[in-house]
Structure formats: C-alpha cells, structure tokens
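# Notes for the structure review
Residue-level listing of the chains:
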Amino acid sequence: MTNENPELKKQQSISAAEHPKAWDPQVMILGIPLAVVGCIIGLELIVRTGVTPNTSIIGALFAILLSRIPVAFLRKYRSIHRQNLLQTSISAATFSAANCMILPIGIPVIMGYPELMFPMLIGVMLATCVDATILYNCFGSEMFPAEGAWPPGVAAADSILAVIEKGKKAVLLLVGIGLGWVGKIAGLPMDLLGVSWFGDFGAMAALAAGSLVIGVLKVNGFSFSIFGHAFNFVTNAFGEGFVYTDHLSLQYMAHGVMIGAGIISLVQCGIALFKKSKGTKAVDTTNVVSNEHMKKTLGVGFGAYLVIALFLAVVGGIITKMSVPQFILWLIFAAFAAEASELIVGISAMYSGWFPGFATALIFLIVGMLLGFPKLALGLLVGFTAATGPCFSDMAYDLKCGYILRGRGANPELEKEGRKQQFLAELMGFAVAFVMVAFFANKYFGQGLFVAVSNTFVATIDAGASGEIAKWLLIWAIPGAIIQLLGGKRQLGILFATGLLVGNIINGLTIAAGLIIRLVAVRANKENEQTLNILGAGALAGAAIYSFFTATLGLVGKKD
C-alpha cells in the first residue's frame, strides 16, 4: 500500500501517543458489544456446525459503516487504528469462546466429570492468555515475521484501506469480494483461491497436493460438486466398497505425516532459535524480534504451561492416579504439547491462512495414548492442547492487519504502541469470552450440544491405542519428515499434512487452479502480481462475509 492518499498518510503519520487506546470509551463502547456478538456467533456455529467464522472483517466493516453516519461521536470510528482494535476484539472473542473454551471444557463433561468443567475453563482461559502473550512477543521474529503472508490479516487490512484509498484498488477489492461471494454460492472454497494468489506458492502447492490425495481416498475416485451438480470423473478407483478408514494403514496416514513433519519443523525452529542473532539489541519490538528474546519468551511460556498443567492435574485429581515418574512425564509432555502445537499451527496459519488446531491436538492425544496415560489425564491433556494454537494464529492475523494499517513498520514507535493496544484489545475479547462461556456452557451441554470434535477426542480415548497404530504412525512419519526437510523454511511437510488432515478434492483443485492462474498471469506481466494480491484479498473477504451472513441467518429461527 502506498501513502499517496492524504487521509491515509495523515492517519499513518500520527505519533505513538496519539494511537487510540484499547480502554478508550470509543473503543470499549463498541468493542464489548461486538465481542459479545462474536462470542454468540462462535458458540452457536461451533456447537451446531463444527466451524468458527472469521469475524474480524465483519467488525471492521461494522465500524466503517458507523463512521459514515453524520454524528460527531461516530466519526471517531473513521480512524483505521480504532477499526483495527475493534476487529481485533471481536475476532479474539469469537475464536477464544469457540475453539479455546467451549470445545475443551466439553471433554470432561462428556467423559462423566461435569465437576471439572469450570476448573477446565479456568485452565484453558489461562492457556489462551499465555498463547496470545507468546505470539505478541514473537510476532516480527525470523520464525513469525510481520512480513509473512498471514492471509486473513491482509484481507482485513485491504478491506479497511479500500474505503480510504478508493480508486482502482477499491474497485479490484470489490470485484474480489464479488468473486468470493459468487464462488461460495457455487460451493467453491474462495478463501483458498484468494490465498493461492498471495500466499507462499510452494506452501499452497503442498496444501493442494495433500487435499487431493486425501480427497481421492475419501471418495474412492475423483469427483466434486459445483452449484449442487456432481462431476464424477473416476469412481471405485480402489475397488468397489473401498472405505479408506477401514484400513488402519490409511486411517492414520495424515497423523503420521504430520508427526514426522512436525518433528522436523520443531527441529528447524530450534536451529533457527539458536542461531547467532543478527542484531545487537536484546529485542527490537518494532519489526525484528531477536532469537534471544524469542528463546526467553518460549522458555517463560513453557514454564507458564507447566504451572497450568499442574493446576489441571491437581483439580482433576489425576496427580494421585499416576506414579510419580508417569506424572512428571505427563506434566512435561502436556506443556510441550501446548507449546509445540501453537508453533506448528502458527506456521501453517502464516503460510496458508488455515490453522489445523483440532488435528494437531488429536495427534498429541494419540502420542499421549501411546505413552500410556490414564483416560482422564488424556482428556485434560487434549483439552489443554486444543486451547493453544487457534488464538495464536488469529492474533497474528490481527497484528498483520495492524502492521499494514500502520505503514508496515515505517514508524517504529507507532508500530510498537499499536501492537501493545491490539494485545490489550485481544485480552478484552478473551475476558468477554470467558464470561459468556461460563454463563452459557451448561445451557448448551444441558441440551446435548457439544462440539463435534470434543466427542471425537473422547471417542478416540475410549477406543484406545495399539502397537499397530504406533507402527503406521512411525511409517508415515518418514515421508512427512522427508517432505519437510526438502521444503526447508517453506514448511511443505506441515502444509502437505494439513491438506491430508482437513482437505478434500474441491479444495485441492481450487488451490491448484489459483496457482496456475497466478503463474501464467505473473509470467505475462510482473505487475499482475499486485492485481492478484488485491483480488485474492477481496475473494478471502467476500468468502468470510458470505459465510458470516449465511451462517448467522441460518441460525435465526432454530428451535433446538
């Protein structure tokens, strides 16, 4: 984005002291109600459909609309920095309420320990705050650079800036939003098409490959639907009656690949952390976070997770149900799983805009089962792990949005202050989510409304693990590790495994088509890259807006 627009230049030229504060009345008056709305949307959708929508763009657009009303107080919402704080608070509330709170606390209830619901809520709330704190201190590092893709953050920023910049960029963004809307009606994952136009090319190709592989296995052929019409190109590719989940070797393929890729990714992260820092300062909180600072942050974060895990163990009573060595192992593994999960999920989110939080938690659950932990200990472990990662990724999107709005670090002091205020807005969203979940959780659970993934976790624990599962996890971990090694910093193994875990044929085809369009267009004219960036951001925004309104309207009038 350029600073040629006078209004934009003026807003990006304010001093750090002039940046709106998260606790300003103008922010809280609208921020808290938006956070409440975000919680309601997140809770309703995750218990009824299993998904959580991206509400950050909705919060920004709502502020933009209010700012155009000719009332003096409302004109204050024309500040892109204030809009940024509002989209941060609603997004934090939505994802924390759904992914980090209602999902984990349902696990002990399903397992027959309803008395652990509130202790679990306190534990995951603390874990979510630690999660966000780690990201706040690591955003701008070599591992999680502010210049990284972080696609939903780019889309939110472009939506806000389009109102100010107008002209060709605004038209392109609107065209992209239209494409996103129409494509979603057709049943296409337009958010992924958009990301394929400005995300990392190699990472998106790996995501497409994983999606196609698992998609073919799931449908036993090659078929997909557009506008409700099915296209069947290949059927019974592996024989009539083939169901891939009937084969243990294939059922745990995705998990094994992610384990292998995840181990190599963590080793790569460790190597990067222990490299000699390029800078001389302990930390530069504007654009570059040193390795020393990140190591310290992760160390403190691991200690915090240990304390929270100990709290859960004490209140859950599992401290008396394991031998001392096994309990110490559980404690260390729980803290490790929480921190490793957020790093793996964050890396995936940075490159693709997707964060496989549920899938990553399931992988650590399976490893915990192989280590022989008792059932309740496994339930607390997977709930704790599931609470870290989603808000790590979501907050990174919000910080990316703010980074663009503030001029991409051109004013270091403004960037530092802006991130601080976004962090406080994030905590405000978490606080609202905690209150909402504490109040409504029993109302959902009393009706038998649990998050589907919570039931999956419990069913997995009840089924138990075996040496056969361990064998296939180890076998599939080898190609996962190789792909990750070959991909280097582009995290191809992580993204390929993500595709295997949550992908399908239409997702893979959409990404592949987007990458081909991008390759042809950029080769024809390098300037087309910027056009695709804006169209892609618009498509991502349009898909988010469509999902928001259709899902919300779909909830109206529900009687169950």
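Residues numbered from 1 in each chain as written. Predicted model: local features only at pLDDT ≥ 70, side-chain atom pairs only at ≥ 80, totals over all residues. Heavy atoms only, no water.

## Here we look at the overall build of the protein
When helices and strands are counted, the protein shows 22 helices and two strands. Taking 560 residues into account, the globule formula puts the C-alpha radius of gyration at 24 Å, and the protein, at 23 Å, falls close to it. Taken over the C-alpha atoms alone, the protein extends approximately 65 × 60 × 55 Å along its principal axes. Looking at the protein as a whole, 58% of its 560 residues qualify as buried. Here the analysis covers contacts within the protein between residues at least 6 apart in sequence; of these, 83% occur between residues at least 24 apart. Carbon and sulfur atoms make up 67% of the accessible area of the protein, which totals about 21,600 Å². Placing the 37 positive and 30 negative side-chain charges of the protein at their respective mean positions leaves the two points 4 Å apart. (Helix = DSSP H or I, 4+ residues; strand = E, 2+ residues; numbered from the N terminus. Rg over C-alpha atoms; globule rule 2.2 N^0.38 Å. Buried < 20%, exposed > 50% of the residue type's maximum accessible area, 1.4 Å probe, protein only. Contact = heavy atoms within 4.5 Å. Areas by Shrake-Rupley, 256 points an atom, 1.4 Å probe, with all protein chains shown as cover. Lys, Arg positive; Asp, Glu negative; His and termini not counted. Charge placed at Lys NZ, Arg CZ, Asp CG, Glu CD.)

## Points about the environment of Arg 68
Note on placement: Arg 68 falls in the loop between α3 (56-67) and α4 (80-110). C-alpha separation for the pair Arg 68 and Arg 78, spaced 10 residues apart in sequence, amounts to 7.7 Å. If we ignore the near neighbours within four places in the chain, the residues touching Arg 68 are Arg 78 and Val 163.

## Concerning the side chain of Ser 159
Tracing the backbone shows Ser 159 in helix α6 (residues 151-165). Looking at Ser 159, its side chain comes within polar contact range of the main-chain oxygen of Ala 155, at 2.8 Å. Apart from the residues within four sequence positions on either side, Ser 159 is in contact with Ile 57, Ile 64, Leu 173 and Ala 541. (Polar contact = N/O pair within 3.5 Å; in protein donor to acceptor, adjacent residues only side chain to side chain.)

## A word on the pairing of strand β2 (residues 229-235)
Where strand β1 (residues 221-226) and β2 come together, six bridges link them in antiparallel fashion. Bridge assignment links Gly 221 to a residue of β2, and that residue is Thr 235. Linking two consecutive strands that pair antiparallel, namely β1 and β2, is a turn of two residues; a positive phi of about 55° is found at Phe 227 within it. (Pairing = 2+ DSSP bridges.)

## Side note on the nonpolar core
Among the nonpolar cores identified, the biggest contains 169 residues, and Ile 102, Ile 105, Trp 330 and Phe 457 are the most heavily contacted of them. Element by element, the count of residues in this core is highest for helix α13 (residues 324-352), at 16 residues. When near neighbours in sequence (up to four residues on either side) are disregarded, Ile 105 contacts Met 117, Met 120, Leu 121, Val 124, Val 437, Ala 441 and Phe 445. With 12 residues, the next largest nonpolar core counts Ala 22, Ala 63, Tyr 77 and Leu 85 among its residues. (Core = buried A, V, L, I, M, F, W, Y, C linked by side-chain atoms within 4.5 Å.)

## Focus: helix α12 (residues 291-316)
The first and last C-alpha atoms of α12 sit 36 Å apart over 26 residues, in line with the 38 Å expected at 1.5 Å per residue. Every buried residue of α12 is accounted for by Asn 291, His 293, Met 294, Thr 297, Leu 298, Gly 301, Tyr 305, Ile 308, Ala 309, Leu 312, Ala 313 and Gly 316. Here the buried face of α12 lies against α5 (117-138), α11 (253-273), α13 and α15 (375-386). (Expected span 1.5 Å × (residues − 1).)

## A short note on the packing of aromatic side chains
One pass over the structure, following the stated rule, counts 17 aromatic pairs. When the centroid spacing of 6.5 Å and the interplanar angle of 90° are considered together, the rings of Phe 222 and Phe 224 count as edge-to-face. Phe 224 gets classed as buried once you look at its relative accessible area, which sits at 15%. Taking the centre distance of 6.2 Å and the plane angle of 40° together, the rings of Phe 333 and Phe 373 count as tilted. With Phe 333 in helix α13 and Phe 373 in the loop between α14 (357-370) and α15, the pair connects residues that are 40 residues apart, well separated along the chain. For Phe 333, a relative accessible area of 11% corresponds to the buried category. If you follow Lys 443 out to its NZ or CZ, it ends over the ring of Phe 439, 5.3 Å from the centre. (Phe/Tyr/Trp six-rings, centres within 6.5 Å; stacked < 30°, edge-to-face > 60°. Lys NZ or Arg CZ within 6 Å of the ring centre and 35° of its normal.)

## Let's talk about the environment of Arg 82
You can see Arg 82 is positioned in helix α4. The exposure class of Arg 82 is buried, given its relative accessible area of 11%. Between the C-alpha atom of Arg 82 and that of Ile 494, which follows or precedes it by 412 residues, the distance is 35 Å. Beyond its immediate stretch of four places on either side in the chain, Arg 82 contacts Pro 20, Gln 26, Val 27, Lys 76 and Tyr 77. A polar atom in the side chain of Arg 82 sits 2.6 Å from the backbone oxygen of Lys 76.

## A word on the confidence of the model for the protein
Per-chain confidence: the protein averages 85 in pLDDT, with 93% of residues scoring 70 or above. Low confidence marks residues 279-286, where pLDDT is under 50. Its contacts with residues over four positions away, or in another chain, come to 13 contacts. Considering only residues more than four positions removed or in separate chains, one finds that residues 555-560, a stretch of pLDDT under 50, has six contacts. (pLDDT = per-residue confidence, 0-100.)

## As for the pattern of salt bridges
With the rule as written, the count across this model stands at six salt bridges. We note a salt bridge from Lys 471 to Glu 468, for which the minimum N-O separation is 3.3 Å. Taken as a pair, Lys 471 and Glu 468 lie in helix α19 (residues 467-487) at a separation of three residues, close to a single helical turn. The exposure class of Lys 471 is partly exposed, given its relative accessible area of 39%. Each of the salt bridges in this network shares a partner with another, and the network as a whole consists of Arg 406, Glu 415 and Arg 419. (Salt bridge = Lys/Arg side-chain N within 4 Å of Asp/Glu carboxyl O.)

## So, a nonpolar patch on the surface
Taken together, the side chains of Ile 29, Ile 69, Val 71 and Phe 73 make up a nonpolar region of the molecular surface, amounting to roughly 320 Å² of accessible area. Counting through the fold element by element, Ile 29 comes out in helix α2 (residues 25-48). (Patch = residues over 30% accessible without salt bridge, like charges linked within 9 Å, V, L, I, M, F, W, Y side chains within 5 Å.)

## A closer look at the packing of α13 against α14
Here α13 crosses α14 at 150°, and the two axes come no closer than 10 Å. What the angle tells us is that α13 and α14 run roughly antiparallel. You can see that α13 and α14 cross each other, and the crossing is right-handed. From α13, Phe 333, Phe 336, Ala 337, Ala 340, Ser 341 and Val 345 reach across to α14, where they touch Gly 357, Thr 360, Phe 364, Val 367 and Gly 368. Classifying every residue of the contact of α13 with α14 gives seven nonpolar, four polar and no charged. (Axes fitted to C-alpha atoms, helices over the stretch in contact; angles between N-to-C directions. Parallel < 35°, antiparallel > 145°, perpendicular 65-115°, else oblique. Left-handed = near helix turned anticlockwise from the far one by under 90°. Nonpolar A, V, L, I, M, F, W, Y, C, P; charged D, E, K, R; others polar.)

## A word on the packing of α19 against helix α20 (residues 492-502)
Contact geometry for α19 and α20: axes closest at 6 Å, N-to-C directions at 135°. On the basis of their axis angle, the class for α19 and α20 is oblique. Between α19, through Gly 480, Ile 483, Gln 484 and Gly 487, and α20, the contact on the second element is made entirely by Leu 492, Gly 493, Ile 494 and Phe 496.

## Brief notes about the side chain of Asp 394
The residue Asp 394 is located in helix α16 (residues 390-405) in this model. Although Asp 394 is buried, it forms no salt bridge, and the closest oppositely charged side chain is Arg 406 at an N-O distance of 14 Å. With sequence-adjacent residues up to four places away left out, Asp 394 is seen in contact with Ser 91, Ala 92, Phe 95 and Glu 426.

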